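Below are the chains, spelled out letter by letter.
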Amino acid sequence: MNQMPTRRSATDLDWDRVRRWGIYAGLTMAFLSSIGMVESLDKRLIVDPILSLGFLALLWVPVAFGYAATYEEAKEGMAAPEKGERDLIGGLAAGLIGGLFFVAFIAIADAVDLRGVFPRIGPALIDLLTFGRGTAVGGLLWLMISGLLGMFGGLLHVLPVRVRRAVTNALTAVFLVALVEIAVVDIFESLRLTVISDWIYAKNGGVTIAGAIVVGALAALSSVRSEGDAVVRFRTRYATMEGDERKRFNLIAGAVGLVLAVVLPMVLGGLTNELLANVGLFLLMALGLNLVVGYAGLLDLGYVAFFAVGAYTTAILTSPLSPKWTPMLTLDFFSIEGWVVMVVVVAVAALSGLVVGTPVIRLRGDYLAIVTLGFGEIVRILFLSDWLAPAFGGAQGIRNIPAAVAGPAEINGTKPQTIFYLVVIFVGIAVYVAWRLYHSRIGRAWAALREDEDVAEAMGVETTKMKLLAFITGAILASFGGMIFAVKVGSVFPSSFKLIVSIIVLVIVIVGGMGSIPGVVVGSLVLIGILGGPTQPGLLAEFGEFKLLIYGALLVFMMLRRPEGLWPSVQRQRELHQEEILQDAWLKAEAAADSAGER
Amino acid sequence: MHLLEITGLTKSFGGLQALGGVDFHIDELEIVSVIGPNGAGKTTFFNTISGLVVPDEGRIVFEDEDIAGLEPSEITKRGIARTFQNVRLFPDMTILENVMVAQHCRTETGVWGALFNTPTFRNEERAIEERAKDILGFFGTRLTGYRFRQPAYVLSYANRRRLEIARAMGTMPRLLLLDEPTAGMNPKETAELTGLIRKLRDEKGFTIVVIEHEMRVVRDVSDRVVVLDHGVKIAEGSYDEVSSNPDVIEAYLGRPAEEGA
Ligand SMILES: Nc1ncnc2c1ncn2[C@@H]1O[C@H](COP(=O)(O)OP(=O)(O)OP(=O)(O)O)[C@@H](O)[C@H]1O
Ligand SMILES: [Mg+2]
């Protein structure tokens, strides 16, 4: 019998899903407003004068949730779900439902004084949310905005891939350009090209409307010309590179990185340099932790302890105000004294890695995590304690850490450029160490250890020794971070070494991609560069008080949607594309070998 | 002088006696099968030899040294390697890496060599890779070519078993312990592996202890058969002697039917 495929009508939707996501959208918007995010972020303009970061924090919600509400998974072996007006209607409905909830929230907040419970919900917020036009008009506007944006979210499913990519790229580009405003203005100023930056960026901050249109159009155009997602294509290609090709690529990437690292600080202003120095500092630690967690699979939650050890060792060796020992060495990289400092820092870090590592190394998984977490806190509390105050200064810490010296140059926090250069050198060392070790007998032993400890042991890998080695190498890299930190800040206090530092470094590794060096670099740039570290501001300095919220949300999102990280390690990447890529690569190699043989 | 000589090997888990004083020996270039019904203690026997389980009592003398209670990696270093009944590869490492990492205890360059890419390090790396490829070549073409760089988890079940043997060979042992190497294989693959086990001895010079349920394999490969039941050795001898031994028949028939028994 010949059956006509039944066409689905425009309203044949998973209404449950639409309703659910609509409600989520409304609640999310209400939540974001009630914690004061809209109000605080309103000061930062994205597109002057029409869009602030605060409103952006609300407006993405109906789009994303409208998209989610109409998302249909393509099931294996079934025809791809057909797209059409249905998606628009679903998105619109989800947006309207979300809008309705949000308007209800505004109305309630207007009618009842909630400041006792939510100190951030006050007349100022209401005024802002209703565009200063009263609840009725404001509410109606929100209903409209939310509905339309929800529909736009649904529309994303319907648009042909190319168009969709153009649209999303244009929007992302405008946002990114607004994001890096400080850095770009900085560069253009020192290049004396303020004409351009003045035209792109408005006086009050944010991109001008004309600038936004041009940037968006350029981004859209470039995406239309290119095939597929450039980043994904590049990563896939990188993953399939073999031997020499990969070596060459790494060399070129390294050279470009080096040139950038040398030139950038010169053209950047203090603020941006400071930012990059922070990124580098966290990158240094993340590279070390990546070795422990990503390579050897040891979940260390007390990693900050080694950072602290490095910082305190440097402080004691160099500061004249160190309470007990005052060798007052100068951290001069061109003299023997500086090398003595570094050797001592490395030795103390290695020793503390050994001391912390030996008792915990036999523990596994969760137990290891909990015990290291405890050790991290113990180290901080020891530095803080009255008992050891005669040596470490207790809560006062150690001040007056002198600048480091490299030939004629003084390196300290007041000249962020110099710190940046220092960080770059040590990051280079860390990358090199991680990369060499990974591609050696030791790296393979770590990988085996991570996959199955018992079997690794049974196959002749001395697991205890290899774990300790990972621990100690990680500790040394962190201690370098601590050393630079001490020089940069000029003083060390126990309060700089809280648990949150360990956690943020771990989040960098997870979000970037465990076991992946480029992943860790991307992770530090995105997290520390944009959001900022525990106490250091990022490009979105306005996020300050919401930083941890965003870190948390990001972590949850990544774990659910992209557990392999932003830039997965080659191993993880292989996992995703396995057969085809490898078989292709092999066939290509065979063909090449054949043609070489014929000649 | 036996290559491996075990006396009075005992191991209990709580109240359950998995091994109750087992005596065992194997000579250089011998193939000995260990058989017995489910739960007889065969895997525990291997676990104690390879050090994953520490025996309560008994001596395990390998090349004149008592190795009972040593770390598993130490035992592997002394020349005993094993496979696992429930295939335990390093799934996300490549096939080549699985065999390369097994050579850990036969190589020594450390942090220094790796960091400075010393000639010793490079030569050793090259040798490790060559040897791994050579070992994988022993199994025909199914683990070679483009397979080298594939993660181990893409392999079929039979190939995983083969890779496990290859990995054990990577540790360059004198004594190989194979725990049910043909489990889950079809008759053709089983027959092929039977031949391969003999080749491992004849061409590669390994001494082999194999745990097997498949009686045809036991008949074809063993010089000697040892039967365990309830942690006790109930019979020992050639395949023909053992298969007609009334105790053995009772041990098997007294339980849910075993295939091939
Ligand atoms: N780690 C352990 N903890 C507790 N009991 C164990 C442990 N290992 C083995 N046993 C028990 O010891 C007994 C012998 O187990 P073993 O795995 O050695 O049997 P086997 O002869 O290999 O059986 P099979 O043919 O099913 O593989 C079983 O009753 C088992 O439940
Ligand atoms: Mg068993």
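Residues numbered from 1 in each chain as written. Chains lettered and ligands numbered in written order. Predicted model: local features only at pLDDT ≥ 70, side-chain atom pairs only at ≥ 80, totals over all residues. Heavy atoms only, no water.

> Give me unusual backbone geometry: which residues, what numbers.
Between A:D48 and the following residue, A:P49, the backbone shows a cis peptide bond with an omega angle of 0°. Considering the arrangement of structural elements, one finds A:P49 in the loop between β1 (45-48) and β2 (51-52). Within the chain, A:F131 stands out as a residue other than glycine whose phi angle is a positive 55°. The topology assignment puts A:F131 in the loop between α5 (123-129) and α6 (134-158). The backbone phi angle of B:M172 is positive, close to 50°, even though this residue is not glycine. Under the relative-accessibility criterion, B:M172 is labelled partly exposed at 30%. (Helix = DSSP H or I, 4+ residues; strand = E, 2+ residues; numbered from the N terminus. Buried < 20%, exposed > 50% of the residue type's maximum accessible area, 1.4 Å probe, protein only.)

> Outline the coordination of the magnesium ion (ligand 2), listing residues and values.
Residue and element names in this part refer to chain B. The protein atoms that coordinate the magnesium ion (ligand 2) are T43 (OG1) and Q85 (OE1), at distances spanning 1.8 to 2.1 Å. With a gap of 42 residues between them, T43 in helix α1 (residues 42-50) and Q85 in the loop between β6 (80-82) and α3 (95-102) connect regions that are remote in the sequence. Under the relative-accessibility criterion, T43 is labelled partly exposed at 25%. (Donors = N, O, S within 2.8 Å, 3.2 Å for Na, K, Ca; no water.)

> Now, about the side chain of A:N412: what can you tell me, with residues and values included?
Residues and elements named next belong to chain A. Within the secondary structure, N412 is located in the loop between β5 (409-411) and α18 (416-438). Here N412 falls in the buried class, since its relative accessible area comes to 17%. A polar contact of 2.6 Å, which involves the side chain of N412, links it to the side chain of T414. Once residues within four sequence positions are removed from consideration, N412 is found in contact with A403, T418, I419 and V487. (Polar contact = N/O pair within 3.5 Å; in protein donor to acceptor, adjacent residues only side chain to side chain. Contact = heavy atoms within 4.5 Å.)

> Describe the interface of chain A and chain B, naming the residues involved and giving the relevant values.
Facing 35 residues of chain A, the contacting portion of chain B comprises 43 residues. Of the roughly 3,500 Å² buried where chain A meets chain B, counting both sides, 58% is carbon and sulfur surface. Counting the surface chain A buries against chain B, the share from its top three residues, A:R441, A:R444 and A:M459, is 23%. Along the contact surface separating chain A from chain B lie four salt bridges. Of the charged contacts in the structure, one is a salt bridge between B:E125 and A:R444, with a shortest N-O distance of 3.1 Å. The interface formed by chain A and chain B holds twelve residue pairs in polar contact (both at pLDDT 80 or more) in total. Counting only elements with at least two residues in the side of chain A that touches chain B, the list comes to α18, α19 (441-451), α20 (453-458), α21 (463-489) and α25 (570-598) of chain A. The element best represented in the side of chain A that touches chain B is α25(A), accounting for eight residues. Counted by class, the side of chain A that touches chain B contains 16 nonpolar, six polar and 13 charged residues. (Buried area = accessible area lost by both parts, 1.4 Å probe. Salt bridge = Lys/Arg side-chain N within 4 Å of Asp/Glu carboxyl O. Nonpolar A, V, L, I, M, F, W, Y, C, P; charged D, E, K, R; others polar.)

> Help me get a handle on the packing of aromatic side chains, residues and values and all.
Under the definition given, this model contains 28 aromatic pairs over all chains. Each member of the aromatic cluster is reached from another via a ring pair, and the members are A:F307, A:Y312, A:F383, A:F392, A:F485 and A:F497. Lying over the aromatic face of B:F90, B:R167 brings its terminal NZ or CZ to 4.8 Å of the ring centre. Cation over ring: B:K199 sits above B:F138, and NZ or CZ is 5.0 Å from the ring centre. (Phe/Tyr/Trp six-rings, centres within 6.5 Å; stacked < 30°, edge-to-face > 60°. Lys NZ or Arg CZ within 6 Å of the ring centre and 35° of its normal.)

> Please give an account of the sheet that holds strand β1 (residues 4-13) of chain B that cites residues and values.
Residues and elements named next belong to chain B. If you walk across this open sheet you meet the four strands as β2-β1-β4-β5, and the pairing is antiparallel. Unpaired on one side and paired on the other, β2 (16-26) and β5 (65-66) mark the two borders of the sheet. One ladder, built from two bridges, connects strand β4 (residues 57-62) with β5; its direction is antiparallel. Bridging from a neighbouring strand, F62 pairs with E65 of β5. Its contacts with the sheet place α1 against β1, β2 and β4, and it is angled at close to 115° to β1. (Pairing = 2+ DSSP bridges. Axes fitted to C-alpha atoms, helices over the stretch in contact; angles between N-to-C directions.)

> So what about the site of ligand 1? Which residues, and what values?
Residues and elements named next belong to chain B. In the vicinity of ligand 1, 13 residues are found, and the nearest of them are N38, K42, T43, T44 and Q85. At 2.9 Å from an oxygen atom of ligand 1 is found a main-chain nitrogen or oxygen belonging to G39. K42 places a polar side-chain atom, nitrogen or oxygen, 2.8 Å from an oxygen atom of ligand 1. Here ligand 1 loses 61% of its free accessible area of 640 Å² to cover by the protein chains. (Near = heavy atom within 4 Å. Areas by Shrake-Rupley, 256 points an atom, 1.4 Å probe, with all protein chains shown as cover.)

> Please set out the pairing of β1(A) residue by residue, giving values where relevant.
In summary, the side chains of a regular strand alternate between the two faces of the sheet. Residue and element names in this part refer to chain A. Judged from the two bridges that link them, β1 and β2 form a sheet pairing that is antiparallel. Residue pairing in the sheet places L45 in a bridge with S52 of β2. Direction of pairing for β1 relative to strand β3 (residues 207-208): parallel, over a ladder of two bridges. Residue pairing in the sheet places D48 in a bridge with T208 of β3.

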